[in-house]
Protein chains: 2
Amino acid sequence: MRIIVDAFGGDNAPLEIIKGAALAVAEYGSTGLDVLLTGREAEIRRVAAQNGISLDGIAIANADDVISMEDEPRSILKEHKGCSMAEGLRRLAAGEGDAFVSAGSTGALIMGATFIVKRIKGVSRPALAPLLPGSRKPFMLIDSGANVDCRPEMLLQFAHMGSIYMTNVLGDGQPATVGLVNVGTEDTKGGELQLAAYALLKKSGLNFVGNVEAREIPHNAADVIVADGFTGNVILKLMEGVADTFMKSIKGIFMTNARTKLAALMVKPYLKGFKKQMDTSEYGGAPLLGVSKPVIKTHGNAKADSVKNAIRVAAEFARKDVIDQIAAAVQQDAAQPSDNSSDN
Amino acid sequence: MRIIVDAFGGDNAPLEIIKGAALAVAEYGSTGLDVLLTGREAEIRRVAAQNGISLDGIAIANADDVISMEDEPRSILKEHKGCSMAEGLRRLAAGEGDAFVSAGSTGALIMGATFIVKRIKGVSRPALAPLLPGSRKPFMLIDSGANVDCRPEMLLQFAHMGSIYMTNVLGDGQPATVGLVNVGTEDTKGGELQLAAYALLKKSGLNFVGNVEAREIPHNAADVIVADGFTGNVILKLMEGVADTFMKSIKGIFMTNARTKLAALMVKPYLKGFKKQMDTSEYGGAPLLGVSKPVIKTHGNAKADSVKNAIRVAAEFARKDVIDQIAAAVQQDAAQPSDNSSDN
């Protein structure tokens, strides 16, 4: 199992990426995992040496260019086709690795994966599907921003892809539950998109639990929360924003005076567990589903531990037959007449 | 100043509504405020007597019917036209009061206000605009669910209405800042709706701060956060859901053992202040903007204090010339050629 890792993606590249790769090889190397880093080889070797990081079990594929957050996503196909991300995607497409991990520009990764690695046959658009902290366990949000304008059929595909991933990679074998983000639980709720998507999901054969109001999303209303990419992006970022506000307020309260500072010391070990639960980096990043090979996007500010987790998740993704199952589900849907229920 | 209050709207009607009305009259009666309750008169008098609530300064307009959350919103115009909410709206339309407050069905209130009280001339659709807790101060979210499918011109109207309300009712005289919910801050971001709305807002003359990512919403990115009703509803409910999850987790941590329980006691007074800040009922409810008279929706689970606050806010709304200003702004926008910038 070889995981290709973009050594120059994200705010903390290349040091934290190299560190994360070394951690992954140290921890999972015995299971047959190794890493191929893409990026400026000389710089990778220099940074590793300077920081005493062993490159055992780590190969390097040189790429001189880097694509930044400010670059146009489509430039990965032209002006920046020599960047570390494009190099990794090409090596993935060529079968020189089993999965690809990047902490770089999300837009560039979606664009590059779609056109270099290519979509699974029949998939309209790949979707970015992060795992988010629920009150009992993590859940998947699909799409979280790859596609701002969606058609109902795309939401059905997101549901299939998310369900297959969650059932196989994170699940206990039981079919993952699927919910549609909506303004109410009744089947008459929502705009044109939601009404049409509801009808498709209802007869999809998926474990569809119906519409989910946003209030219930953090309470594990479903394993897979389906939304258009605009709504999904709002959900993803608002959860971050509210959690951040909350944490700052709690910290502020604990810093009020000597008494509250003492109280803080007393609950500190338990708050740590809570912070860890709220910290999405534990889950290792978001799969980009609908692409013909496993691609994982980690957070732009990922540090070594997150990178290590992302590599672990990428390996799990590659081990399961998620992509074959997505291909089969999409083919089956396409074969069904859209204006005719299959269960009549 | 007379505020008409639906005595039979919400989960805690009529007791908490009557209590809230009595509190408002006791606190603001000296400023010339009185209340007209609508609903079953005999029941109102019985509940007031049983609970020792004075009805001084409170008039009653009888209405035998009640519209529930389960009833179709449009039934307020037909089957349930005799309900307490419809009666209140008719009295408002007839000039028998200066503003109307209800904790009842949001859908029915929007429908009833639109067709009984009528829209301000030129307003496409009224919008529900709650005040939400930001990290420094409350902000307005418009629309929060009245209109799930929106056109760009509607978002421009929401922005005008929200800005006028926030500047006059809550502001310090400075023009309120307006932000558009989007998936990124650049003007090239978003779907068709956001791109077109951005262009309209840019040349609107409003204090437009540009696109706002959902992450920044709780951090007071703008005084008025503009979104289509679907997105707004997701934002409103997700903020509630995440805050609720958070509060439960913090409580759980404090209940772990004797040590953490002691810590809880030590920070309790400060946590209370924080809970109060997060509690939207302090702000008294959401104005329904675009209707030709002031209408305030309070939360369905509003208790007496929230109802009192809603009555106070309704009075403030009625005292300012918000509705005339909205009418003027909407007329001015309609007079502008839509494909031609006015500042060239």
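Residues numbered from 1 in each chain as written. Chains lettered and ligands numbered in written order. Predicted model: local features only at pLDDT ≥ 70, side-chain atom pairs only at ≥ 80, totals over all residues. Heavy atoms only, no water.

Here we look at the confidence of the model for chain A
Thinking step 1. Mean pLDDT over chain A works out to 93, with 97% of the residues at or above the 70 mark.
Thinking step 2. Complex prediction metrics read pTM 0.92 and ipTM 0.91. (pLDDT = per-residue confidence, 0-100.)

Remarks on empty space enclosed by the protein
Empty space among the atoms becomes apparent when a probe as large as a water molecule is rolled across them.
Thinking step 1. By the definition in use, this model includes one cavity of 30 Å³ or more.
Thinking step 2. What lines the largest cavity is simply Val242 and Thr245 of chain A together with Pro133, Gly134, Ser135, Pro218, Met239 and Met278 of chain B.
Thinking step 3. Tallied by class, the residues present in the lining of the largest cavity amount to five nonpolar, three polar and no charged. (1 Å grid on protein atoms, 1.4 Å probe; cavity = no way out; pocket = protein on both sides within 12 Å on 5 of 7 lines; lining within 4 Å. Points joined across faces, edges and corners; volume = space filled by probe spheres on them. Nonpolar A, V, L, I, M, F, W, Y, C, P; charged D, E, K, R; others polar.)

So, the sheet that holds strand β3 (residues 58–62) of chain B
Residue and element names in this part refer to chain B.
Thinking step 1. In spatial order, the strands read β3-β2-β1-β4-β12-β11-β5; together these seven strands make up an open sheet with mixed pairing. Across the chains shown, the open sheet's two edge strands, defined by having one partner strand only, are β3 and β5 (127–128).
Thinking step 2. Sheet topology places strand β1 (residues 2–6) next to strand β2 (residues 34–39); five bridges connect them, and they run parallel. Bridge pairing links Ile4 to Leu36 in β2.
Thinking step 3. Running over the sheet, helix α3 (residues 84–93) touches β1, β2, β3, β4 (99–102) and β12 (295–297) and is turned about 170° from β4.
Thinking step 4. Those strands touched by helix α4 (residues 106–117) are β4, β5, β11 (286–289) and β12, and its axis lies near 170° from that of β12. (Pairing = 2+ DSSP bridges. Helix = DSSP H or I, 4+ residues; strand = E, 2+ residues; numbered from the N terminus. Contact = heavy atoms within 4.5 Å. Axes fitted to C-alpha atoms, helices over the stretch in contact; angles between N-to-C directions.)

Some thoughts on the pairing of β1 of chain B
Thinking step 1. Within β1 of chain B, four of the five residues are buried, leaving the element largely enclosed by the surrounding structure.
Thinking step 2. Following the chain from β1 of chain B across helix α1 (residues 15–28) of chain B to the adjacent parallel β2 of chain B, one finds a crossover that is right-handed. (Buried < 20%, exposed > 50% of the residue type's maximum accessible area, 1.4 Å probe, protein only. Right-handed = clockwise from strand over helix to strand, strands pointing away.)

Things to note about unusual backbone geometry
Thinking step 1. Look at the link from Ile142 of chain A to Asp143 of chain A: it is a cis peptide, with omega at 5°.
Thinking step 2. Structurally, Asp143 of chain A can be placed in the loop between β7 (138–142) and α5 (152–170).
Thinking step 3. Here the amide bond leading from Ala13 of chain B into Pro14 of chain B is cis, since omega sits at 0°, within 30 degrees of zero.
Thinking step 4. The topology assignment puts Pro14 of chain B in the loop between β1 and α1.
Thinking step 5. The backbone of Lys118 of chain B shows a phi angle near 80°, a positive value even though the residue is not glycine.
Thinking step 6. Locating Lys118 of chain B in the fold gives a position in the loop between α4 and β5.
Thinking step 7. Note on Lys118 of chain B: relative accessible area 48%, which makes it partly exposed.

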